[in-house]
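Observations on the model geometry
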Amino acid sequence: MASTHQGQCIFALFLILVVLASQVMSRNLHDASLTQTHEEWIAKYGKVYKDAAEKERRFNIFNGNVKFIESFNAAGNRPYKLSINEFADQTNEEFKASRNGYRSPRLLRITKEASFRYENVTAVPASMDWIKKGSCWAFSTVAATEGITQLTTGKLISLSEQELVDCDNNGEDQGCEGGLMENGFEFIIQNGGITTEANYPYQGADGTCNTKEEASHAAKINGYEKVPANSENALLKAVANQPISVSIEASGSAFQFYSSGVFTGECGTMLDHGVTAVGYGTTSDGTKYWLVKNSWGTSWGEEGYIRMQRDIKAKEGLCGIAMDSSYPTA
Ligand SMILES: *[C@@H]1O[C@H](CO)[C@@H](O)[C@H](O)[C@H]1NC(C)=O
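The residue numbering used here restarts from 1 in each chain and proceeds along that chain's sequence as written. It should be noted that, the model being predicted, local features are given only for residues of pLDDT at least 70 and side-chain atom pairs only at 80 or more, the latter also being counted only at that level, while totals for whole chains, interfaces and linings use all residues. To get the side-chain values, all heavy atoms of the structure are used, and hydrogens and water are removed first.

Put simply, the rule is: UniProt positions are given in the numbering used here, feature names are shortened, and annotations may be inferred rather than shown by experiment.
The chain carries the name Vignain in an unreviewed UniProt entry, which gives Lithocarpus litseifolius as its organism. Taken directly from UniProt, the Sequence similarities (unreviewed entry) text for the chain runs: "Belongs to the peptidase C1 family."

**Details of the pattern of salt bridges**
Short version of the rule: Salt bridges are identified by distance alone: a Lys or Arg side-chain nitrogen within 4 Å of an Asp or Glu carboxyl oxygen.
Enumeration over the complete set of coordinates arrives at 13 salt bridges. One salt bridge in this structure joins Glu266 and Arg78, with 3.2 Å as the shortest N-O distance. A single salt-bridge network, built from bridges that share partners, covers Glu54, Arg57, Arg58 and Glu94.

**Some details on the confidence of the model for the chain**
Residues shown with low pLDDT carry predicted positions that ought not to be read at fine detail. Rules: Confidence scores here are pLDDT values: one per residue, from the predictor, ranging 0 to 100. Whether two residues are in contact is decided by their heavy atoms, any of which lying within 4.5 Å being enough.
Scored by pLDDT, the chain has a mean of 86; 81% of the residues are at 70 or more. Counting contacts from residues 106-112, a segment whose pLDDT is below 50, to residues more than four positions away or on other chains yields 14 contacts.

**With respect to the site of the ligand**
As a reminder of what qualifies: Note on terminology: near, applied to a residue and a molecule or strand, indicates that one of the residue's heavy atoms is within 4 Å of it. Under the rule applied, a polar contact is a pair of N or O atoms within 3.5 Å (in protein, one hydrogen donor and one hydrogen acceptor; residues adjacent in sequence only if both atoms are side-chain atoms). Three classes are used: nonpolar for Ala, Val, Leu, Ile, Met, Phe, Trp, Tyr, Cys and Pro, charged for Asp, Glu, Lys and Arg, and polar for all others, with Gly counted as polar.
Near the ligand you find Phe116, Arg117, Glu119 and Asn120, and these make up its full shell. At 2.8 Å, a side-chain N or O of Glu119 approaches a nitrogen atom of the ligand. Residue Asn120 places a side-chain N or O atom 2.2 Å away from an oxygen atom belonging to the ligand. Along the lines of polarity and charge, the residues of the shell around the ligand split into one nonpolar, one polar and two charged.

**Some thoughts on the pairing of strand S9 (residues 325-329)**
For a regular strand, side-chain orientation follows a simple rule: the groups alternate between the two sheet faces. Note the threshold: Buried residues are those whose accessible area, probed at 1.4 Å on protein chains only, stays under 20% of the maximum for their type, while exposed residues exceed 50% and partly exposed ones sit between those limits. A run of DSSP states H or I qualifies as a helix once it reaches four residues; a run of E qualifies as a strand once it reaches two. Both are numbered from the N-terminal end. Any two strands between which DSSP finds at least two bridges are classified as paired.
With five of five residues buried, S9 lies mostly within the body of the structure. Burial along S9 is two-sided: Ser325, Tyr327 and Thr329 and Ser326 and Pro328, pointing in opposite directions, are all buried. Pairing of strand S3 (residues 223-227) with S9 involves five bridges; the strand directions are antiparallel. Paired with Gly223 across the strands is Thr329, a residue of S9.

**A closer look at the state of the cysteines**
Rules: Any two cysteine sulfur atoms within 2.5 Å of one another count as a disulfide.
Enumeration over the complete set of coordinates arrives at two disulfides. Put simply, Cys167 and Cys209 are joined by a disulfide, and their sulfur atoms are 2.1 Å apart. What sets the handedness of the Cys167 and Cys209 disulfide is the S-S torsion sign, and at about 90° it is right-handed. On the criterion of sequence distance, the pair formed by Cys167 in helix H6 (residues 161-167) and Cys209 in the loop between helix H7 (181-191) and helix H8 (211-214) is long-range, its members being 42 residues apart. Of the residues examined, Cys167 reaches a relative accessible area of 7% and is grouped as buried. Between the sulfur atoms of Cys267 and its disulfide mate Cys319 the distance is 2.0 Å. Taking the torsion about the S-S bond as the criterion, the Cys267 to Cys319 disulfide, at about -85°, is left-handed. Separated by 52 residues along the polypeptide, Cys267 in the loop between strand S5 (258-263) and strand S6 (273-282) and Cys319 in the loop between strand S8 (305-309) and S9 bring together distant segments of the chain. For the chain, the bonded cysteines connect in the pattern 1-2, 3-4 when numbered consecutively along the sequence.

Now the structure itself:
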């Protein structure tokens, strides 16, 4: 009897060991495939780490992000998907600090009260898409200026963000650390115009103002106006007429890894990023969205764009999209 019992015990112990060993093995396999995924990602985005310790640290962050993205997509309870993009080795805190370059309007001087030329617009098309027709804050200023230039001249000209970053020194719009689109419009007005992207290409960092290019004007604007705040209906009238600079909170992990679909959050209304509303529409299942142009490259989102839920209950709009919008006028 005793020996049968002993045999059962040994067998049970053996089973436990087999289970443990297979767990260790599958963890090792999983780690090995994550290492490979990380290596492939490094090659794809041309990342360079200064030493092995830094690589290890980035690998751990990468792992955490991959798990977050996989479990988010597996839950399948949102109308949008996330993906491993260029920002996958950054913590959300680092991402926030490095990407947005936008200062809350509260900290800035009050710009003049402007009229809203679209207030009496009664009919707007069901959908609008200025892409077919046509960072930081500088990208939003420039995209909206390109939009109005194309509408008034019929010419699609790529304009210079770097000129704004380097030459707009009004103290509040210093380079990529902060700025506001309205002050960018003001710079273009005061300067008498803005040059082309080709003449003054984007460098991704603050530089000295190239005064020769600053004096060359490929496009100009005469003024800018604000969209009445906290009204998605007012924003709709505006976007029906031209691309609009809007401010949003874009610092959450879901935003960091947004890949496709209609973004429905998570986000708050602590505005920290300048983007451009370039259209709107409704999906086949009836979800209304804003079409928003970001400045984080084409590997992010839908080829650099995001569709954000439109007409939500909160008057501020999703991520505060209806809180602080403006547009240049010809
Ligand atoms: C809108 O209509 C009102 C009433 O007719 C008018 O006073 C106002 O000037 C109009 N606004 C614009 C921007 O045309």
